[in-house]
Amino acid sequence: MIRTLLRIHWTNLRRDRVAQLLTFVVPMAFFTIFALIFGGRGGGVTGRVHLAVVDESHTATSQRLVQALQAEKSLVVLTQARTPHDTTRVPLDRARAEQLVREGRVPIALVLPAGLDTSLARFDGGGVPIQLLSDPSDPIAPQVVGGLLQKIVMSAMPDLFVKSGIGQFERYAGGLTPKQRTALDQWLPMLQAQAEPESTLARAGGASATAAGDSAGAGAREDSTRAAAMSGLAKVEVVPVLGRKQDTSMISFYAAAIAVMFLLFTASAVAGTLLDEVDSGTLERVLSTRVGMTGLLTGKWIWLTLLGMLQITVMFVYGMLVFRLDLLHHLPGFAVMTLFTAATAAAFGLFLASMCRTRAQLGGISLLIILVMSALGGSMFPRIFMTEAMQKAGLVTFNAWALDGYVKVFWREAPLADLLPQVGMLAGFMVVFLVLARLFARRWERV
Amino acid sequence: MTVLRVENAKKAFGATQALCGVSLELGKGELLGLLGPNGAGKTTLVRALAGRVRLDGGTIELFGRRLSETETRDGLGVVPQEIALYPLLTARENLEAFGSFNGLRGSALRDRVAWALEWTGLSERAREPIRRFSGGMRRRLNIACGVLHEPRVILLDEPTVGVDPQSRERIYEMLDRLRANGVSLLLTTHQLDEAEARCERIVIVDRGRVIAAGTLGELVRDTVGGGRVVTVKLDRAPAAPIEGLASEGDGTIWRGPVHDVDVDLAAVLRRIAAAGRSVVDLEVRQPSLQSVFLHLTGRELRE
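Residues numbered from 1 in each chain as written. Chains lettered and ligands numbered in written order. Predicted model: local features only at pLDDT ≥ 70, side-chain atom pairs only at ≥ 80, totals over all residues.

In an α-helix, one full turn covers 3.6 residues, which means residues spaced three or four apart are oriented alike. Residues and elements named next belong to chain B. The end-to-end C-alpha distance of helix α3 (residues 106–120) is 21 Å, a good match for the 21 Å that 15 residues give at a rise of 1.5 Å each. Residues R112, V113, A116 and T120 constitute the buried set of α3. Taken end-on, α3 shows its buried residues confined to a sector of 105 degrees, consistent with a single buried face. Relative to its buried face, α3 has exposed residues pointing more than 90 degrees away, namely S107, D111 and E118. Buried residues belonging to α3 abut α2 (91–101), α4 (135–147) and α5 (165–180). Backbone geometry just after α3 places G121 at a positive phi near 75 degrees. (Helix = DSSP H or I, 4+ residues; strand = E, 2+ residues; numbered from the N terminus. Expected span 1.5 Å × (residues − 1). Buried ≥ 20, exposed ≤ 12 C-beta atoms within 10 Å, placed from the backbone. Arc of directions from axis to C-beta. Contact = placed C-beta atoms within 7 Å.)

Rendered as structure tokens:
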């Protein structure tokens, strides 16, 4: 009897492509995606933090520090930017650096303030701090850059520490003898030369740089975090430039992320009624009335759009009531993004439903596609924490553009005009999905 | 007066020829039965009439006007075999939906929905989701949704399949009321007794062709002849075949034609007595539509 039951189940599995897909392909697909996201096999230069650097000090020390930062393989350092109405590049100032952070072009900017020389390598915690202008949406970047800064100051500028240390020694233990002073003066240039970025830094920091390359940033970030924890050689102050609390920003992100993911499930499930209507003969009957296929799909698309807008709104209102998500101050942007996101998800659901032949097929395929899209698009894990390659790969999914739009609205407080790229891409996806859905639906029309 | 005329309808699906030149006519107020084995081409023909299948050749005329393929069939009602309704909607909501799909609006829609609820006997259940309805109730509503816009010609695909005798009677009462108002009905069915009892004329199609058409009497006369059939049940199977009869089942049931009942039946009884057997039961009847159908289409399975 058991043998017969096993044979029945085996035969069922053998003949059920959807079951095979869900049992074997979906887990492998997810394993691959998460391995790429967290394992750093996205290809290319990965895990590097983009850092805008503003030198307000303009001293030899600050220039050495900038050079050392540029030599750090875990960082992509930006010291110049184009002027708004010109193509010439000029050194970054604080305002432009802040703007870059606000626009999301870089997650963090570093300002080397005037008086930097007197602040570095002090053991009393005094002096003017180096400022990190941070985007609260990326809580990791300040820690990475802060840690790297400590490491660079220590490994690239050892002579400053010796000077500072000797100064403290002389202050509390008495002055050096002339012979000692001469020896010290001869040694300091050698120390400085050894610490030049092209030579010593590459050797000294080799371990962490290699780690950054090998483990796609995770290793580098680990090193940096460790460095930050073990030292406080450069005084650093983190300044959030967007003026929002990180916790509520993350809540708005996850409200959008989860809402968009479930919007996709809802859209595909509701669009699946099309297949139910095919099975029940209702579609055939409706199409023999005055209602044509285009009208039918349009009606379903409008309904799905309205349902999706309601679903997202409920999610955000819940976030506002329970988690103090600041919805009311972002209503115009929210409305625009919600309209286009819901309309695109509705078109996507119709595309999936019209592509599939049965409900079971739709269930399997939509589960696979939606989970993959959600993983790549950032619904499960914010794209800003992914490698550059994975971030770029995510842009093939429309939900990535939707989430980018919500991020612009809630984090960057961008004006409506700034949503144009996201809205434009969503509209493009929407048109493509609708056209494909209409083409697939031709098989239910006159034969 | 002919309200629907099909001339030489042809349709192929790939290598399969579904319709090979079907022609038929439906008169005003007529109930025409369209019969045929599975795969004969009935559904393809009905779908072509409903505008859901594009014919490769031939013409369809409705009320004397030739229909184009894409033209909306406003004067035509379609009642599919499936319960093609929205299960979570109430009876009234389903009627309103299909009335709207067929172009009814406002008071016209409200009046027709009220009429349909009364016509189907569902007025008291109008506000219930139809998933709670019995099979017969759903069937009646299924028909109502196809006739709400007052079509003058209605295509009914197996309208009584799967319902009890009471519901079947009710459905035919509903259809009789439509016919009394001059509505013409084209009915496809496998219920040959229903077709025999209800249809004025019958068209039998097989392998995409019309193989017989006419009243039941005409079909019988043209196929199995105009006599009667005698069926006898004997006490025991005879040792040798009985002349003029053919045995069925275990050899105790014998059947054969009798053209002149007075003369031929007595001869049959004499032959049975001569064979040493007694008659337990006896029936004489006119050949049925089933006899005609099997005579024309054969007994072998088609699927």
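Further notes follow.
Residues and elements named next belong to chain B. Read from one edge to the other, the open sheet built from 4 strands follows the order β12-β13-β11-β14, with strand pairing classed as antiparallel. Every interior strand has two partners, whereas the edge strands, β12 (246–248) and β14 (279–285), have only one. When strand polarity is set aside, the average angle formed by the axes of neighbouring strands in this sheet is 25 degrees. One ladder, built from 6 bridges, connects strand β11 (residues 228–234) with strand β13 (residues 253–258); its direction is antiparallel. Bridge pairing in β13 places K233 opposite I253. (Pairing = 2+ DSSP bridges. Axes fitted to C-alpha atoms, helices over the stretch in contact; angles between N-to-C directions.)

The next point concerns the domain arrangement of chain B. Looking at the assigned domains, one finds that chain B contains domain 1 (2–221) and domain 2 (227–285). Centre-to-centre separation of domain 1 of chain B and domain 2 of chain B, based on C-alpha positions: 42 Å. (Domains from an automatic or database assignment.)

Let's shift gears to the sheet that holds strand β5 (residues 108–112) of chain A. Residue and element names in this part refer to chain A. Strand order in the open sheet made by the 5 strands is β2-β1-β5-β6-β7, with mixed pairing throughout. Two strands in the sheet have a free side with no partner beyond their single neighbour: β2 (75–78) and β7 (236–240). Direction aside, the axes of adjacent strands within the sheet are offset by 25 degrees on average. Sheet topology note: the strand β6 (residues 130–134)/β7 ladder contains 5 bridges and is parallel. In the sheet register, Q131 faces β7, and the bridge partner there is E237. Those strands touched by helix α3 (residues 60–71) are β1 (49–55), β2 and β5, and its axis lies near 170 degrees from that of β1.

This next bit is on the packing of helix α14 (residues 293–323) of chain A against helix α15 (residues 331–355) of chain A. Residue and element names in this part refer to chain A. Following both chains from N to C, one finds α14 and α15 inclined at 135 degrees, their axes separated by 8 Å at the closest point. Put simply, α14 runs oblique to α15. Note on packing geometry: the crossing formed by α14 with α15 is right-handed. Only F334, T338, L339, T341, A342, A343, A345, A346, A347, G349 and L350 of α15 make contact with α14, whose side of the interface consists of L297, K300, W301, L304, T305, G308, M309, I312, T313 and F316. For the contact of α14 with α15, a count of residues per class yields 14 nonpolar, 6 polar and 1 charged. (Parallel < 35°, antiparallel > 145°, perpendicular 65-115°, else oblique. Left-handed = near helix turned anticlockwise from the far one by under 90°. Nonpolar A, V, L, I, M, F, W, Y, C, P; charged D, E, K, R; others polar.)

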